[in-house]
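Results of the structural survey
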Amino acid sequence: MTSVGANWPPTCGWRQLSRAGRRQESQLGRSKKPRGDPLGKVDWACPGSRAEPYLPPAPNMVAQGRVLLIFFELQLAIMVVLYHQSDHHQVSYVLKMLTTSILSTTDTILTMKDVYRGLDQIQLLSPTKEDLPTCPKTSPFIGGPLKVSFPLDVTLDDIAQKNPLVQLGGHYQPPNCGALHHTAIIIPYWARRKHLHQLLYHLHPFLQRQQIHCTIYAVHQMDNYTFNRGKLLNVGFKEDMKENNWQCLYFHDVDLIPKDDCNIYDCSAFPMHASVAIDKFQYELPYETYFGGVMALQPTHYLKINGFPNNYWGWGGEDDDIASRIFLNKMLISQPPAVFGRYHMMKHGHDRGNKANPKRFHLLSKTHLRWRYNRMNNLLYSLLSKEQTPLYTNLTMHFGIDYH
């Protein structure tokens, strides 16, 4: 494996694997930190492969590591003093603050790179598609932490010019190797054009760095009724699978920007919650079973849980329903290490027509009874248009009145 530039070493990270997860991993393949038994094995894993060769860190990374080490030692000394003073509550508090500060200061301690840096090294090769070599398990263009910044008033034409290898409809295949990962990105979307443009500006080069074969779909609800995210995700799955036999589907909120390209957009042996560390939540999960934001499922996972719920109109509840369906089907939820699964949430208020759903807690209490019947197969919608733009495929649909 080669690195792009002297400051681009491959990045590794730890993962915790539960006893149940290790048993299932041996049967189903590699997973990333499944939620389950907290007493798990800790080992080191690079994104994409356990067997990648080690490369020595670049000098600036060594200096950054020394800064982190000094920081840890100071925190450890404080905790030892507090512990000997029998102030266990303060020790727990310091531990929590330490975890939060590590993630929140990563952006300033580590050297972040522009998401477009190095993309000009992706060159078209002369061999035909059949003669292309297979892409490496770990892309040489991965750089780690990324800057999240956008030009003012960026247009779709501006983004298309910066991504000349992206084909009509938002399709991308690595031009110099055969991709190992085949992923559809499904974005439920309503009245957030500025956020959609900013996400596309960042997400296209992010995916190219990972050498992923992918297509971005924006699933647009076009009516004056209440927003229904679960239905949009179901429509996205149904329409996208007509185009391609995708191996992995990422269901991606329009306001979340990934901050580290070591967060590989492929699927694991279990349903995956990718956005485990969002800046709005101080890089912690709001609660243990939170499954909102960005999640990834294989088609077999999706069919096993009977798709997503159709009866959540308005904000809230559908992501908890999806998590319940996963647990009811005796599957674990996997996640990347929090240092990789970091996201920036773009600021916004509640959209008109997307107020908090007052029925969500009642509906959640009935999930175990309804999940087999409230599913993709009884999904009602009208596909108004399917448009291939230079950067994404736009699916516009009409649901009609909330009958639930």
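In case you missed it, the structure is sitting above this.
Quick summary incoming for the structure in this document.

About the thresholds
- Residues numbered from 1 in each chain as written.
- Predicted model: local features only at pLDDT ≥ 70, side-chain atom pairs only at ≥ 80, totals over all residues.
- Heavy atoms only, no water.
- Phe/Tyr/Trp six-rings, centres within 6.5 Å; stacked < 30°, edge-to-face > 60°.
- Helix = DSSP H or I, 4+ residues; strand = E, 2+ residues; numbered from the N terminus.
- Buried < 20%, exposed > 50% of the residue type's maximum accessible area, 1.4 Å probe, protein only.
- Lys NZ or Arg CZ within 6 Å of the ring centre and 35° of its normal.
- Salt bridge = Lys/Arg side-chain N within 4 Å of Asp/Glu carboxyl O.
- Contact = heavy atoms within 4.5 Å.
- Disulfide = S-S within 2.5 Å.
- Pairing = 2+ DSSP bridges.

Right, let's talk about the packing of aromatic side chains for a bit. Evaluation of the coordinates by the stated rule reveals 10 aromatic pairs. Where F206 meets Y265, the ring centres are 5.0 Å apart and the plane angle is 70°; that geometry is what we call edge-to-face. You can see F206 sitting in helix α6 (residues 193–209) and its partner Y265 sitting in the loop between β7 (256–258) and β8 (272–273), a full 59 residues away along the chain. A relative accessible area of 0% means that F206 is categorised as buried. With centroids separated by 3.7 Å and ring planes inclined at 20°, the aromatic side chains of F237 and Y302 adopt a geometry described as stacked. Of the two residues, F237 is situated in helix α7 (residues 229–243) and Y302 in helix α8 (residues 299–304); the sequence distance between them amounts to 65 residues. Take Y302: its relative accessible area is 1%, and that puts it in the buried class. Between the NZ or CZ atom of K162 and the centre of the ring of Y116, over which it lies, the distance is 4.5 Å.

A separate point is the pattern of salt bridges. Across all of its chains, the model carries 7 salt bridges by this definition. Linking R229 and D253 is a salt bridge whose minimum nitrogen-to-oxygen distance equals 3.0 Å. Of the two residues, R229 sits in helix α7 while D253 sits in the loop between β6 (248–252) and β7, which places them 24 residues apart along the sequence. Note that D321 and R325 form a salt bridge whose closest N and O atoms lie 2.7 Å from each other. Highlighted residues: D321 and R325, both in helix α9 (residues 318–328), separated by 4 residues, approximately one helical turn. The residues D321 and R325 share a single accessibility class, namely buried. Salt bridges sharing common partners tie together R229, D253 and E318.

Moving on to unusual backbone geometry. For D153, which is not a glycine, the phi torsion comes out positive at approximately 55°. By the secondary structure assignment, D153 is in the loop between α4 (106–109) and α5 (156–162). The phi torsion at Q211 lies on the positive side, around 55°, for a residue other than glycine. Here Q211 shows up in the loop between α6 and β5 (213–221). Residue class for Q211 comes out buried when judged on its relative accessible area of 6%.

Okay, the environment of V148 next. Counting through the fold element by element, V148 comes out in the loop between α4 and α5. Once you skip the residues sitting within four places of it in the chain, V148 turns out to touch H202, I257, K259 and H344.

This structure, assessed with the given rule, holds 2 disulfides. The side chain of C135 participates in a disulfide bridge whose partner is C177; the two sulfur atoms lie 1.9 Å from each other. Given an S-S torsion of about 85°, the disulfide between C135 and C177 has right-handed geometry. Linking C135 in the loop between α4 and α5 with C177 in the loop between β3 (171–172) and β4 (182–189), this pair joins segments that are 42 residues apart in sequence. Judged by its relative accessible area of 6%, C177 falls in the buried class.

Read across the open sheet, the 3 strands follow the order β7-β11-β9; overall the sheet is mixed. Edge positions in the open sheet fall to β7 and β9 (277–278), since each of these has one partner strand only. In this sheet, strand β11 (residues 342–345) lies alongside β7 in antiparallel orientation, the contact comprising 3 bridges. What sits directly across from P258, in β11, is Y343.

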